[in-house]
Amino acid sequence: MSAADRIEKLRHEIREHDRRYYVDATPSISDREYDRLLDELKSLEAEHPELLTNDSPTQRVAGTPIDGFETVAHARPMYSIDNSYAADELHKWADRLPPEVDRFLIDPKIDGVAISLRYEEGHLVLAATRGDGQQGDDVTQNARTIRSIPLSLDVSSTPPPAVLEVRGEVYCPWQVFQKWNEELEEEGQQQLANPRNATAGLLKRHDTTIVAKRRLEFCVHGRGELDGVTATSVTEFYEQVAEWGLPTNPYARTASSIDEVLEVIDAFDTTRHTLPYAVDGMVVKVDQFDLQDELGFTSRFPRWCIAYKYAAEQATTKLLEIQWQVGKTGKLTPRAKLEPVFVAGTTVQHATLHNMGEVLGKDVHIGDTVILEKAGEIIPQVVEVVKSERPKTAEPAVAPECCPECGGSISIEYDKRRVHDIESWEARVERERKRAEKNSEEPADIPKPDPLSGLDESARYCMNPECPAQFRERLAHFAGRGQMDIDGMGIKVIEQLMEADLVKTIGDVFRLHERRDDVLALERMGTRKAENLFAAIDASKQRGLARTLASLGIRHVGSTASRILAEHYRTIDGLLEASEEEIATFKIGENESGIGPEIARSIHTFLHSSTGAAVIAELREVGVSLEMPEAETSGSAGTSLAGKSLVVTGTLTKYSRKEIEELIVQHGGKASSSVSKSTSYLVAGENAGSKLDKANSLGVPVLSEADFEKLITE
Ligand SMILES: NC(=O)c1ccc[n+]([C@@H]2O[C@H](COP(=O)([O-])OP(=O)(O)OC[C@H]3O[C@@H](n4cnc5c(N)ncnc54)[C@H](O)[C@@H]3O)[C@@H](O)[C@H]2O)c1
Ligand SMILES: [Zn+2]
C-alpha cells in the first residue's frame, strides 16, 4: 500500500473511532490502540509533509457536537492536551519553554469529560462540552443537576467578576460507576467500559432526571474567558475560584523544575489508586498566565501544558481455555481462563472476552500468549494476542453451536449499527439519487456495506426456556442482595436444592418449608441453617412490587425501571392491564418516564408469555406481595415539581440560592435564571426586584418560601 493510501485509510479509521468515542460514547478499541493509530498517522505525515491536510485528525481537536443539543461557540477555544508517557518527553517539552518559566503547576488528570462553565455576574448561564474545540453542546440543564457545580457563586468574601469562564472535568466517581454497572449487568445490558464513557454518555442524555440520579462530580482545571478576575497564575486562579465555591483538586502541587515535577508524578502513582475517582495521569502547566499567553497554542494543544499518562498496568500470560458462561437471560459469555498472573495488585486468572465478534477480531487462539490490561476497568481485558509467540498447536477459538450446559439451540445477535447500515443501504442510495436528481447533480457513491460476518457477532443466547443453567442464574439473581435478599440462598445452596429436585420453579422456593426433611437432609445444612433459610424466605415475601419485578431478571428491566413501573402502576394487575404502548409512553408529570419502547416490549412480552404468566400466578399463590406499599416513593426526593420550571429571586431565610435550586432539581423541576411565559413559579424572598415585577406582569404564580415548602412536601 502506498503511503498516501495508508494515510487515507488511517484517517478514515481514526475518524470512525472518534465518532464512536466522542459522539456515541461506545469505543470499540482501547485508548492505547487508538493512540497507536494516531501515532502512525503522525509519523507518516511527518515523512510526507506534502500529504498533510488541515482536516487530518492530527490537526484538530477531535469530537463533534451532538444532535439534539443546541450548539454553542466557545468564547475561547477549548483544546486537548499533548500526551507524554516518559520522563524524557517531559524534558523535551520543558526544553522548548522560555527560560523565564520557573514554576509549574501539576494536578491530577481525572478521567472524565471536559466542560466549560460560564458565570455572568456570579450566575451560571452556560455549561458547554468541548465538542470540536470551537463549538460544543449546550448541556446547561444537565450540568445544573451536578451538586458540585454551584448555580451561583459564593460572593460572601469576594464579589463576582463580570465574566468567569472555568474549564474543568465532569467525572463519575468509582462508587457511582460500579453501582451503575451492577445495574446494567442486572438488566442484561452492555456494561460501561470506564468512568469516562459513563460520564460522556450521561451528559448527552436529554432527560435531566436520569442525569441527576447518577451523581456526577466536577472539578476546575482551567480558564476560558475572564473579565474582572485578578489572578495572574494557575495557583492564584485556583485559590480565587475556590473562594467562589468552585471545587478544585486538593492534590494540585507546584514545582520549580522538571525534576521536581517528575518526583511529584512518581509519588502520585501510588496515591492515585486510593482516590474515589479515576486518575490516568498528571497534567503539568506553566503556572504564570503571562507566560502561558506568550506561549500560546498549536492547532490542537496549548504549548504551556502537557499531560503525563501513567502506563496502564499490563501483564503477559497464557490463555489456557475459553469458557462459555450461561447467564440468567441465556446469554453465553466467553471468558478466558489464564495462567495466573499478578497485575495491578491482584492475581488474575480470568479475563472477559465479551463476545465472539471480539474473540474473532482479536484472533484469539487457545494456547496463545496474551497481553492483559487493567486500566480504569475493574475486570481485566485481553488487549491483544502476541502472534509471534503462538505455538504450532494453538487452535482457533470456536463458539459453541448449542448451549454448553443444556444443549439447547442458540440464537445469534449482531452489532446493531452494522445491521442498520446494511438494511438501510438501498434506501440511502435512493435518497441520494433523488437528492442529486433534484439538484441536477451526479449522485454520490454510497459504498455497499460488507455483509455480516462473525466479526459482527455481538451476543449468543441459549434459547431453551427450561435451561437449568439459566434457571440457576435466575434464581441466584432472584435471591440476591438488592432483589429479594434471601439470606442463606447463595449459589452453592441453590445448586444443592436444584440437584435434590427441591426447587424447579421460583414458587418452589416459597414451598420449601413443606419439605423440611428433604432440606435438612442436604449436606452441610443443619436445623439452625434451615430455620434461618425458611425465615429469610418468608421475610422476602414483603419486598413489594418494585423489588419483586427487578428480581425476575427480565431483560432490560432492572431495579430502576422496576421502581418507575411500580410507582406508576402500583399493583401487578395495573401493570398487566397496560398495553405495551401505554407502558412505553406514560409520563410522570410532563416528563418522559424513562421507560421507552425497549423496556416496554420486554416487560410486556414477559408478563403475557406463558412463562411470565406462570411465574406471576405462582408468586400470587404463595403470597408474595405484588403491590407497591403506599408510603414508599423513589430514592430521589420526589417528582412533585416534575416538568415545572422555577425561578428564585430575592433573599431567602432558610436556604441559600444554591440549596433551593438543588431542592428544585431533586424534586424533578428545572431551576431557571430568568422569568418568562413558560416559568411555572417564581419563588420570591425579601427584596425581590425586577423578576417579581415581570412575573406579576406575565401572570406567573409567585410563591413564598413557605408556599414552596408546602409544594415539595405535598
Ligand atoms: N478508544 C477510542 O476509540 C478513542 C477514540 C478517540 C480518543 N480516544 C482517547 O481519548 C484521548 C484523547 O482525548 P482528549 O482529547 O480528551 O485528550 P486527553 O483525555 O488525553 O486529555 C485532555 C483532557 O484532559 C482533561 N483533564 C483532566 N484533568 C485535567 C487537569 N487537571 N488539567 C487539565 N485537563 C485535564 C481535560 O478534559 C482535557 O480535555 C486519547 O487518550 C485517546 O486514546 C480513544
Ligand atoms: Zn442452556
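Given the structure is predicted, the values throughout are model-derived calculations rather than measurements. (Residues numbered from 1 in each chain as written. Chains lettered and ligands numbered in written order. Predicted model: local features only at pLDDT ≥ 70, side-chain atom pairs only at ≥ 80, totals over all residues. Heavy atoms only, no water.)

Engineer: Lay out the overall build of the protein with the relevant residues and their values.
Structural biologist: A count of helical and extended segments in the protein gives 27 helices and 26 strands. Looking at the 714 residues of the protein, the share that counts as buried comes to 48%. For the protein, the share of sequence-separated contacts (at least 6 apart) that also reach a separation of at least 24 residues comes to 70%. (Helix = DSSP H or I, 4+ residues; strand = E, 2+ residues; numbered from the N terminus. Buried < 20%, exposed > 50% of the residue type's maximum accessible area, 1.4 Å probe, protein only. Contact = heavy atoms within 4.5 Å.)

Engineer: Can you break down the sheet that holds strand β25 (residues 681-684) residue by residue, with the values?
Structural biologist: The strand order across the open sheet formed by 4 strands is β24-β23-β25-β26, and the pairing between neighbours is parallel. Two strands lie at the open edges of the sheet, namely β24 (670-672) and β26 (702-703), each paired on one side alone. Of the pairings in the sheet, the one linking strand β23 (residues 645-649) to β25 comprises 4 bridges and is parallel in character. Bridging from a neighbouring strand, Thr-649 pairs with Ala-684 of β25. Packed on one face of the sheet, helix α26 (residues 690-698) meets β23, β25 and β26 and runs near 145° to β25. (Pairing = 2+ DSSP bridges. Axes fitted to C-alpha atoms, helices over the stretch in contact; angles between N-to-C directions.)

Engineer: Break down the sheet that holds strand β8 (residues 217-227) for me, citing the residues and quoting the values.
Structural biologist: The 4 strands lie next to each other as β5-β4-β7-β8, forming an open sheet whose pairing is antiparallel. Two strands in the sheet have a free side with no partner beyond their single neighbour: β5 (123-129) and β8. Shown here is a sheet whose adjacent strand axes are inclined to one another by a mean of 25°, direction ignored. In this sheet, β8 lies alongside strand β7 (residues 163-171) in antiparallel orientation, the contact comprising 8 bridges. Counted as the bridge partner of Arg-167 is Gly-222 from β8. This element, helix α6 (residues 195-203), spans β4 (113-120) and β7 of the sheet and lies at about 45° to β4. Where helix α8 (residues 234-243) meets the sheet, it contacts β7 and β8, and its direction lies at approximately 110° from that of β8.

Engineer: Which residues make up the side chain of Asn-142, and what are the values?
Structural biologist: Within the fold, Asn-142 resides in helix α4 (residues 140-143). Setting aside its immediate chain neighbours within four residues, Asn-142 contacts Phe-69, Leu-202, Leu-203, Arg-205, Thr-208 and Val-211.

Engineer: So what's going on with the packing of helix α3 (residues 87-95) against helix α9 (residues 258-271)? Residues and values would help.
Structural biologist: It is the contact of α3 with α9, at a shortest axis distance of 10 Å, that shows an interaxial angle of 145°. Considering the relative orientation of α3 and α9, their crossing is right-handed. Residue-level inspection shows Ala-87, Leu-90, His-91, Trp-93 and Ala-94 of α3 in contact with α9, the latter providing Ile-258, Asp-259, Val-261, Leu-262 and Ile-265. (Left-handed = near helix turned anticlockwise from the far one by under 90°.)

Engineer: Describe the packing of aromatic side chains, and please don't skip the residues or the numbers.
Structural biologist: Counted under the stated rule, the structure contains 10 aromatic pairs. Each ring, one from Tyr-79 and one from Phe-297, has its centre 4.1 Å from the other, and the planes form 10°; the classification is stacked. Placement of the pair is Tyr-79 in the loop between β1 (71-73) and β2 (83-84) and Phe-297 in the loop between α10 (289-295) and β11 (305-309), with a sequence separation of 218 residues. A relative accessible area of 24% means that Tyr-79 is categorised as partly exposed. Judged by its relative accessible area of 37%, Phe-297 is partly exposed. With a centroid separation of 5.4 Å and an interplanar angle of 80°, the aromatic rings of Tyr-569 and Phe-586 are classed as edge-to-face. Note that Tyr-569 is positioned in helix α20 (residues 559-569) and Phe-586 in the loop between α22 (580-585) and β21 (587-588), a separation of 17 residues in sequence. Taken as a pair, Tyr-569 and Phe-586 share a single burial class, namely buried. (Phe/Tyr/Trp six-rings, centres within 6.5 Å; stacked < 30°, edge-to-face > 60°.)

Engineer: How would you sum up the coordination of the zinc ion (ligand 2)? Please name residues and give values.
Structural biologist: Binding of the zinc ion (ligand 2) to the protein goes through Cys-403 (SG), Cys-406 (SG), Cys-462 (SG) and Cys-467 (SG), at separations of 2.2 to 2.4 Å. One can describe the donor arrangement at the zinc ion (ligand 2) as tetrahedral, given that its 4 donor atoms subtend angles of 100 to 124° at the metal. Looking at Cys-462, the relative accessible area reads 4%, which means it is buried. The class for Cys-467 is buried, based on a relative accessible area of 0%. (Donors = N, O, S within 2.8 Å, 3.2 Å for Na, K, Ca; no water. Tetrahedral: all angles 85-135°; square planar, octahedral: opposite > 155°, others 65-115°.)

Engineer: Tell me what's going on with the pattern of salt bridges, and back it up with residues and numbers.
Structural biologist: Counted according to the given criterion, the structure contains 42 salt bridges. Across the pair Arg-6 and Glu-40 runs a salt bridge whose closest N-O atoms are separated by 2.8 Å. Here Arg-6 is found in helix α1 (residues 3-23), whereas its partner Glu-40 is found in helix α2 (residues 31-47), with 34 residues between them in sequence. Between Lys-285 and Asp-107 there is a salt bridge, with its nearest N and O atoms 3.4 Å apart. Here Asp-107 lies in strand β3 (residues 104-110) and Lys-285 lies in strand β10 (residues 279-286), a separation of 178 residues in the sequence. (Salt bridge = Lys/Arg side-chain N within 4 Å of Asp/Glu carboxyl O.)

Engineer: Lay out the UniProt feature "binding site: NAD(+)" (unreviewed entry) in the protein with the relevant residues and their values.
Structural biologist: UniProt's feature table lists "binding site: NAD(+)" (unreviewed entry) at Asp-31, Arg-32, Glu-33, Tyr-34, Asp-35, Ser-80, Ile-81, Asp-107, Arg-130, Glu-169, Lys-285 and Lys-309, given in the numbering used throughout. Summarising the element assignment, Arg-130 is placed in the loop between β5 and β6 (135-137). Non-local contacts of Lys-285, meaning those with residues more than four positions away in its chain, are made with Arg-103, Phe-104, Leu-105, Asp-107, His-221, Tyr-238, Gln-292, Trp-304 and Cys-305. There is a polar contact of 3.4 Å between the side chain of Lys-285 and the side chain of Asp-107. (UniProt positions renumbered as here; feature names shortened; annotations may be inferred. Polar contact = N/O pair within 3.5 Å; in protein donor to acceptor, adjacent residues only side chain to side chain.)

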